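An overview of the molecular structure
Each chain is listed here by its residues.
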Protein chains: 4
Amino acid sequence: MTTEPSTVPARLGEIRDDLADLYRDLHAHPELSYAERRTAAEVARRAGAAGYEVATGVGRTGVVAVLRNGEGPTVLLRADMDALPVEEKTGLPYASTATGTAADGTETPVMHACGHDMHTVCLLGALDVLAAAADSWSGTVLAVFQPAEELATGAAAMVDDGLFERFGTPDVTLGQHVAPLPAGWVGCHAGPAFAATDSLRVRMFGRGGHGSRPETTVDPVVMAASTVMRLQTVVSREVAAGDAAVVTVGSLRAGTKENIIPDEAELQINVRSFDTRVRERVLEAITRIVKAEAAASGAEREPEITPFNAFPLLYNDEAAMARTEAALRAELGDAAVVDPGPVSGSEDFGRFGTAATAPTCYWLFGGADPEAFRTAFEAGTLDRDVPSNHSPYFAPVVEPTLSTGVRALTAAALAWLGPKDR
Amino acid sequence: MTTEPSTVPARLGEIRDDLADLYRDLHAHPELSYAERRTAAEVARRAGAAGYEVATGVGRTGVVAVLRNGEGPTVLLRADMDALPVEEKTGLPYASTATGTAADGTETPVMHACGHDMHTVCLLGALDVLAAAADSWSGTVLAVFQPAEELATGAAAMVDDGLFERFGTPDVTLGQHVAPLPAGWVGCHAGPAFAATDSLRVRMFGRGGHGSRPETTVDPVVMAASTVMRLQTVVSREVAAGDAAVVTVGSLRAGTKENIIPDEAELQINVRSFDTRVRERVLEAITRIVKAEAAASGAEREPEITPFNAFPLLYNDEAAMARTEAALRAELGDAAVVDPGPVSGSEDFGRFGTAATAPTCYWLFGGADPEAFRTAFEAGTLDRDVPSNHSPYFAPVVEPTLSTGVRALTAAALAWLGPKDR
Amino acid sequence: MTTEPSTVPARLGEIRDDLADLYRDLHAHPELSYAERRTAAEVARRAGAAGYEVATGVGRTGVVAVLRNGEGPTVLLRADMDALPVEEKTGLPYASTATGTAADGTETPVMHACGHDMHTVCLLGALDVLAAAADSWSGTVLAVFQPAEELATGAAAMVDDGLFERFGTPDVTLGQHVAPLPAGWVGCHAGPAFAATDSLRVRMFGRGGHGSRPETTVDPVVMAASTVMRLQTVVSREVAAGDAAVVTVGSLRAGTKENIIPDEAELQINVRSFDTRVRERVLEAITRIVKAEAAASGAEREPEITPFNAFPLLYNDEAAMARTEAALRAELGDAAVVDPGPVSGSEDFGRFGTAATAPTCYWLFGGADPEAFRTAFEAGTLDRDVPSNHSPYFAPVVEPTLSTGVRALTAAALAWLGPKDR
Amino acid sequence: MTTEPSTVPARLGEIRDDLADLYRDLHAHPELSYAERRTAAEVARRAGAAGYEVATGVGRTGVVAVLRNGEGPTVLLRADMDALPVEEKTGLPYASTATGTAADGTETPVMHACGHDMHTVCLLGALDVLAAAADSWSGTVLAVFQPAEELATGAAAMVDDGLFERFGTPDVTLGQHVAPLPAGWVGCHAGPAFAATDSLRVRMFGRGGHGSRPETTVDPVVMAASTVMRLQTVVSREVAAGDAAVVTVGSLRAGTKENIIPDEAELQINVRSFDTRVRERVLEAITRIVKAEAAASGAEREPEITPFNAFPLLYNDEAAMARTEAALRAELGDAAVVDPGPVSGSEDFGRFGTAATAPTCYWLFGGADPEAFRTAFEAGTLDRDVPSNHSPYFAPVVEPTLSTGVRALTAAALAWLGPKDR
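Residues numbered from 1 in each chain as written. Chains lettered and ligands numbered in written order. Predicted model: local features only at pLDDT ≥ 70, side-chain atom pairs only at ≥ 80, totals over all residues. Heavy atoms only, no water.

**A few points about the interface of chain B and chain D**
Often, the extent of an interface is quoted as the loss of accessible area on bringing the components together. Listed as interface residues are 23 residues of chain B and, on the opposing side, 24 residues of chain D. For the chain B and chain D pair, buried surface summed over both sides reaches about 1,900 Å², with 47% attributable to carbon and sulfur atoms. Interface area lost by chain B to chain D is led by B:E215, B:R230 and B:R237, which between them contribute 37%. Here chain B and chain D share four salt bridges between them. D:D219 serves as the salt-bridge partner of B:R237, at 2.8 Å between the closest nitrogen and oxygen. At the boundary of chain B and chain D, one finds 14 residue pairs in polar contact (both at pLDDT 80 or more). At the level of secondary structure, the elements contributing two or more residues to the side of chain B that touches chain D comprise helix 6 (220-238) and helix 7 (276-297) of chain B. (Contact = heavy atoms within 4.5 Å. Buried area = accessible area lost by both parts, 1.4 Å probe. Salt bridge = Lys/Arg side-chain N within 4 Å of Asp/Glu carboxyl O. Polar contact = N/O pair within 3.5 Å; in protein donor to acceptor, adjacent residues only side chain to side chain. Helix = DSSP H or I, 4+ residues; strand = E, 2+ residues; numbered from the N terminus.)

Structural data, given as structure tokens:
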């Protein structure tokens, strides 16, 4: 088994423009979690055209594409397809103007603010390259186009829908995520690579009334605001300098009108951690603070804290990652491979490997304009000038992002597939 | 000119059940500001049937009903018709399940949480009684059913639409508001009676990003929360104990998803004051705090503070109020008339008197169940147990609220209309 | 009984310079509560020299001076003598550089920042004038130089030490306080005139440790800071616009070193109110908030809330105040008498009248430079430019403050003393 | 050159009881920074008795003890001697009841809450053992007993006082710190081992006045409290999960009396960081927040931010640490040596190596009762049950803490000193 790097760029050169067109099309037509119907249809059409057996509707809106190419290992390659309820502000010609129906039934702008469109296109590209090079390897490619990664449930939905029973159990699981690194780079980190995430929906109950008579009410706006301020102390006071955690209140909504004190406020809280003890302390502190802030306001009803969207820690198997990283280095050159350390983002990709009892290998690939990245790095303004995932300004440059993603995925797959029997 | 109290109850007895049915119907079908079409149609139909000349569409959705009954003063009687974006929680058989389109285009539950349905019905009742007793008085009744009081613009819209040019200028303006007093009571206060209101929409700008990487963002949720806490100091530290002001953040909205730090937050702020110097200091303090909190967060863009919905101070003319109060005492008995002092609620009713250069007389009438009120008063739990206006639990008892409102309005009108020439 | 205004200025003219010297001397030598020994000695010396019977050590450091001048009413005249732990910043030639021993045993700067030095001198002046005019009135002057008004205990200490049993029970109690009004003015308000005060010492318990390891501690600095912010909501959200209350955290002390997280924090809280229901709600809210904030921090020990320095509401008897105010108008002219309304400051003077079952009459007299006052008033900068009591810049102009105080006290006394039998 | 572990315990056995007595004596008599006179005298006496040349008053109150024992390397061994303004709460028989004069001139309780008494005794013990074993090694022992480590200036004071010019320049610098690890353990970490520290004194200026009239003031208590809450966001929002920083407000002091709003508040802030970019961002954020909070309050005077007590990052030279750690493992056994990672505490020890251009080796040694440590570890209550440095409950068990400290220091020294010429 050897990687044959020369084959990737050749075939890639033929399909690159088409893939770029597809990328811009998907970017302009983002779909929310479990609503990836247009995307799934396009994926199914193209994978089928490339010679893969295709199944749709796996885990609601997921797509599976399989190429059985003789004896050998089964390699799971995964892309996620869903977009986010973000209003795009990139100003790109192919910027999204789409909307979708949010969980609460309201219509909301939608944007591929996390780059899953790029993941989908790169995997389609890799499938094409692998199919074109089918005489150079042996085994089975199990391509998984997952829905609803943003809800942390899409991977589990596909597993629960019989993914492995129906399509075979992989020997390794491979995936990648576009990130604010220079396009052309990949980032590999063995061990704990992506944070565990816990999401909490908190309803705090006051007692509404007229805005001119606060003394007749229990003001949930003040209650929620004080809670947000207090929650800042969880990381600042209860997590050691050497430990890592993030507590973000991503959404705070209370009231509709300036002169009506509402009955309640809703907070959506997101927690990242890399260690079980830290995670438990943080979650306990949040609960303690939410309850105490309600008590400080004299709330007559206990707040409700409802967990949702929990991502497990993504742990890259050390040995498998070493093998995969070697292939990436061979394909892209040593200079293109960095160790980003553990990142505070989260992924449900690990569920595939856990369910299959197969090692997990997941890496980053850069999407930032290399010149802009360098300038910002030297100025110390990376955080400001290079938009990160989920920003309304997040916009990978099409190239060399796309080519790097296709090459990385293909090379990694070939590192695990068997050699062709001769 | 004398009031003839005996005539009101007699006619009222005949129409009371029908009015109560109408009240429950209007309550079940609330309409937002400037969307009072169903209400206006019913008002126009009934006022026309009672013999009044009727004009609709005055100030967009307002209705004017005029009865010219010989020489004598013109008396403006006013009711407001609009409801609020509140989800009713009274559990009444006639509770609202209606929705309406909010200013931002979203669909929202609607409720008559401020009692304008009761105002409308009471004025229709008074018009009926006055028409039935037309041989006992002389002059002109100018009934004004106003839209959009909650936006502070309905009165001005009617005045600007030529109300007085088209229908005559009044010699006095009379109006009333249902309040959490015992049903059967009225409240009269000469001088500054309802607060000046200033409403501000504040947009605070951060920089969004992924919830796991707050260091790449300027978090507008924290910015807004800290602002809310700081705004509490305006009243607690910058308004003297002997002065009165209210600063309420009625709405705070930021973000849509737990793991996306949004780009901005919006606060809707409501300010009440009774004195120009206090008002100015409070508004200056709010501006100062909002700007400084943005600076504390390192915001790159100045916050936007946009005033809207400004209500002037409602000042009851001392002499005119004395005359009106005397009539209410004669009609309802001295025990039913109290002085509630200045109230922190606001009203745009004063715009009619100001535009007409006619005195303003505006009073409260009770809507609370008298027994429940007494029990709560004795227990010191009025604020908790007697829902105030704008609460989702606000629900005047139909009687004696309705009868008292009709009698008060009729008696007040007769106190200003001329005697019949004989 | 008539006031004889002509006699006051005449005698006053003779002693004014001496009184001014005494004022500057007392101002330069302030003494803390119950440490008024130098002041008391000077008071005793001068009152004795003026012909009064003098007793010292009444209520620890208080002085009583009595002039029995025939049949007639007994009129209590009161001045308070103690100063405050404030570092004077007036820059006056006679500014204090004194220090004293605070309650916690530490040495602290001391200043007559509340004007009790002026009260003392004015009462000494009035005693002199009354003694000089003894042939024009009949009755008993009971002059009380009280210690420890700032602790709210000095009046009670003198009463408890047998003041009335030993020196006679008054028929009326008269007193005055210098205030940031123009010098030359007096302010009279019948009814609730000075707020009730409640003072609370709050100890909040965390768990100390090294500043670099907050996760091993419960940080009482954050706990106390959050409590201060939450306490702002008591007045802003729980007191109606029409009610009045003040909640001040006058002192917050925690820690001694930047890199040691301390074990506890201490807050000193001051509450003003004018109504029992408001007072109770405010005190309950403070207790609720302090406990909840400790809980939010995960404190292992309940906070301690210890009341101290409670002042009752000072209520000026309506009839007695009318009589006294008439005398002040006769002495000073109608233009010099204003109604300041209820003030949020507090006084323990009311304890004398309550204990004696005699009416209370207490008024303000101005100490601000009239020109500076006018300029600031017109610029709307009174709060900024006219230092109020307890400010390190508080500095009454010696004249006409002193003369007005002597004249007011003398005229008020003569309004209650009997006429001379002839 | 070889370590000869057997020699240490033998001699140590003879002096251990005496050292323990000395430890308890020093613990009972702590002295603040630059006031270590009693301690220095005892150190000088004992070092002289052990045969060392002794100089006192080096860097104000520091002591230097030198043993020149033939050719060979010069090894600097360092202990710090100063205690902290903490009130001891250990309840030990030898607990401190001492007081000292704080920087602001007030008398304050003093405690060896950081274990410098143990450092001093261990170094004295090591000097004794080294002197007793002088025939087994060759070179120069340069023992440095440093004042004022807690002020971050003691090391620099000794260097500036000509330490190396007068007593020779070392080839390596060795030191150790007692820590909440099990007694018997040592902790070695190469690279960035102790955080950089920046301490800031922040004065925030309001405008004082009477507690009942906050509207005439700018309340510095609220200003400071809001600042403390906002400062929590520096770590929670502006430091990445993968970076480390601590921002502690160790002291907040404002006001002296409940009813006087003071003129200003003072915060003492302590910052820990391990990376220059993070450090700069944190310091900028603190400055930004302090200024903005003053602006939010309407302060008329800019806050003053004064740096003091800056500790550099302590960086353990990798090669030198490897050599030292090997000696500790040989002396104490592999099981007793752990890697604690970088710690957030700070040390000025690095200044010696920097000034001498010699490598720095600094390690931790445990002081916690091993059984109590194990119990707390298993219960997950280490933070609660094992007091850390600077806690009023910090109390190393005398043994095996003392013996381990002597053995570690001796073994490390011998690892660098030359073998005896024979």
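**Details of the pairing of strand 14 (residues 264-273) of chain C**
All names here are of chain C. Most of strand 14 sits inside the fold, with eight of its ten residues counted as buried. The pairing of strand 10 (residues 196-205) with strand 14 spans ten bridges and is antiparallel. When the sheet's bridge partners are listed, A196 is paired in strand 14 with S273. Pairing of strand 12 (residues 245-254) with strand 14, which is carried by nine bridges, proceeds in the antiparallel orientation. Looking across to strand 14, one finds that V249 is bridged to I269. (Buried < 20%, exposed > 50% of the residue type's maximum accessible area, 1.4 Å probe, protein only. Pairing = 2+ DSSP bridges.)

**Points about helix 7 (residues 276-297) of chain C**
Residues and elements named next belong to chain C. With 22 residues, helix 7 should reach 32 Å at 1.5 Å per residue; the first-to-last C-alpha distance of 32 Å fits that figure. Restricting attention to buried positions, one finds in helix 7 the residues V278, V282, L283, A285, I286, I289, V290, A292, E293, A294, A296 and S297. The N-capping residue of helix 7, defined by a side-chain oxygen 2.9 Å from the backbone nitrogen of R277, is D275. Positive phi shows up at G298, right after helix 7, with a value of about 75°. (Expected span 1.5 Å × (residues − 1).)

**Some details on the packing of aromatic side chains**
All chains considered together, the criterion is met by 20 aromatic pairs over all chains. Considering the side-chain rings of C:F349 and C:Y362, the 5.0 Å spacing of their centres and the 35° angle between planes classify their relative orientation as tilted. Of the two residues, C:F349 sits in the loop between strand 17 (337-338) and helix 9 (350-356) while C:Y362 sits in strand 18 (residues 360-368), which places them 13 residues apart along the sequence. Given the relative accessible area of 1%, C:Y362 is considered buried. Through a chain of ring-to-ring contacts, the aromatic side chains of A:F194, A:F349, A:F352 and A:Y362 assemble into a single cluster. Across the ring face of A:F205, the terminal group of A:R301 is positioned such that the distance to the ring centre comes to 3.5 Å. Here the guanidinium or amino end of B:R323 rests over the ring plane of B:W416, the centre of that ring lying 3.9 Å away. (Phe/Tyr/Trp six-rings, centres within 6.5 Å; stacked < 30°, edge-to-face > 60°. Lys NZ or Arg CZ within 6 Å of the ring centre and 35° of its normal.)

**A few points about unusual backbone geometry**
Geometrically, the link from A:E399 to A:P400 is a cis peptide bond, its omega value of 5° lying close to zero. Within the secondary structure, A:P400 sits in the loop between helix 11 (382-385) and helix 12 (401-416). Phi angles above zero are rare outside glycine, and D:Y34 is one such case at about 65°. Mapped onto the elements of the fold, D:Y34 is located in the loop between helix 1 (7-28) and helix 2 (37-49). Unusually for a residue other than glycine, D:T357 sits at a positive phi of about 50°.

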